[in-house]
Amino acid sequence: MFDDLSEIDAAVVVRCARTLLRRPLLRADGPDGELLTLVYRHRAPLQDLFARVLGYRLVVERRFARLHKTGPGPDDSRGVPGMSPRGYAYVALTLAVLTGIGRQALLSRLVSDIRAAAVEAGMEVVDDVVDRRALTAALRHLVSLGVLHETEGTVDVQAEALITVDTDLLGRLLTGPVAEATSPEQLVALAARPGPRGVEHAVRRRLVEDPVVLYADLPPEQADWLRRNQRKEGALLEASFGLRTECRAEGVLVADPEDYLTDLYFPGTSTVARVALLALPELLESEPRPDGRHAVDVRELREVCGRLVEDYPAAWSKQFTDDLDRLVEEVLELLRRMGLAVLSDDGWLVNAAAHRWVPVPDGDPERDRGTGRPAPVVESWSLFDEESA
């Protein structure tokens, strides 16, 4: 992989590559910015690595590095936490307005131009709390990216401030081919198209970006290619990015031993994550379908969540124990974002990979303590125990 580099330099390149995967826009004054000097020093092998392995373009300058990753396509499980669809619309409109506003502008003028652009784009603009929150969230997101700087005052659409625009970053922010697209749907499709090597780059991108890649979710040609090359790809991803792969009959699971590239943890410490984990044994009791997935009855899941709330009343956040329907929705959404569940035309399905996390309880529910009854024994098994040929 890095035949021309010393062992130390190769390790530095892998560290920088991992950083860029997590921070596609790496700035000297941003998170992990201390590594920008190393990225600049090793920019040639890094650019070659990303181009060859993933088909990504890497731009490295003194002040920042920009990794142009592929778009997520129709996958809606990725995004900025708390950003509403209206907020995303305002991000796009703000970027359009910034191209002609100059290096500095008063916030009031910027807001006025953004709302004028929204009206021109056919958006209904009402100056209410929801609209102001969405616009403020969009502006603050661009501040966090370093595109906007609060020179005087802070970003608040109800107050005045002087905003400075980093035009160099602004020009590098977009990755989708805006000039080629004639509709939003086409832009999403074009941004998610595979790299120069077609199937090879498309599958590797999935492996790097998704924790669980199932053969059933891939087009036939991609699934066949991954089955033939799963061992070789596992070694390549470990050498390039320090990722570990588990190749099984249903697909491939990719994990980061250091959790640096993990953006969503499971199991986790939140109420939703713990309830989802404890609910897995009953969700996986049904007979698996030919593709290894288990059908989930949402009403039964609600009963499971209700029993868990009753059995361990002091363990959960009150906002969920008072609203079981919301808890069920959050549990299913977490499993979906982790790649452990999917919503199909037949309803919710739990993937075979979920067997990997089936827990074994080590104590009694609080309501059973002192009754002398033995603790329930849940026999866990895993389709991830049997490696594919």
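Residues numbered from 1 in each chain as written. Predicted model: local features only at pLDDT ≥ 70, side-chain atom pairs only at ≥ 80, totals over all residues. Heavy atoms only, no water.

The chain has the name TIGR02678 family protein in an unreviewed UniProt entry, where Saccharothrix yanglingensis is given as its organism.

**Q** Explanation requested: the side chain of H294 in the structure shown.
**A** Counting through the fold element by element, H294 comes out in strand β10 (residues 294-296). Judged by relative accessible area, which is 1%, H294 ranks as buried. Of the polar contacts made by the side chain of H294, one reaches the side chain of H355; its length is 3.2 Å. Not counting the four nearest positions on each side in its chain, H294 is found in contact with L283, L284, S286, E287, P288, W348, L349, V350 and H355. (Helix = DSSP H or I, 4+ residues; strand = E, 2+ residues; numbered from the N terminus. Buried < 20%, exposed > 50% of the residue type's maximum accessible area, 1.4 Å probe, protein only. Polar contact = N/O pair within 3.5 Å; in protein donor to acceptor, adjacent residues only side chain to side chain. Contact = heavy atoms within 4.5 Å.)

**Q** What should I look at first to understand the sheet that holds strand β4 (residues 104-106) in this one?
**A** With antiparallel pairing, 3 strands are arranged side by side in an open sheet as β4-β6-β5. What marks the edges here is a single partner per strand, and that holds for β4 and β5 (148-152). The sheet shows a mean angle of 30° between the axes of neighbouring strands, taken without regard to direction. In this structure, β5 lies alongside strand β6 (residues 162-165), joined through 4 bridges in antiparallel fashion. Paired with E150 across the strands is I163, a residue of β6. Each of β4 and β6 touches helix α5 (residues 107-120); the most contacted strand, β4, lies at about 85° to it. (Pairing = 2+ DSSP bridges. Axes fitted to C-alpha atoms, helices over the stretch in contact; angles between N-to-C directions.)

**Q** Where do I start with the packing of helix α11 (residues 271-283) against helix α12 (residues 298-311) in this structure?
**A** Pairs of packed helices are described in terms of their axes, by the angle between the two and the distance that separates them. Their axes nearest at 10 Å, the elements α11 and α12 cross at an angle of 125°. With respect to α12, the element α11 is oriented oblique. As α11 packs across α12, the resulting crossing turns out to be right-handed. Together, V275, L278, A279, E282 and L283 of α11 and L301, V304, C305, R307 and L308 of α12 make up the contact between the two elements. Of the residues belonging to the contact of α11 with α12, the class tally is 8 nonpolar, no polar and 2 charged. (Parallel < 35°, antiparallel > 145°, perpendicular 65-115°, else oblique. Left-handed = near helix turned anticlockwise from the far one by under 90°. Nonpolar A, V, L, I, M, F, W, Y, C, P; charged D, E, K, R; others polar.)

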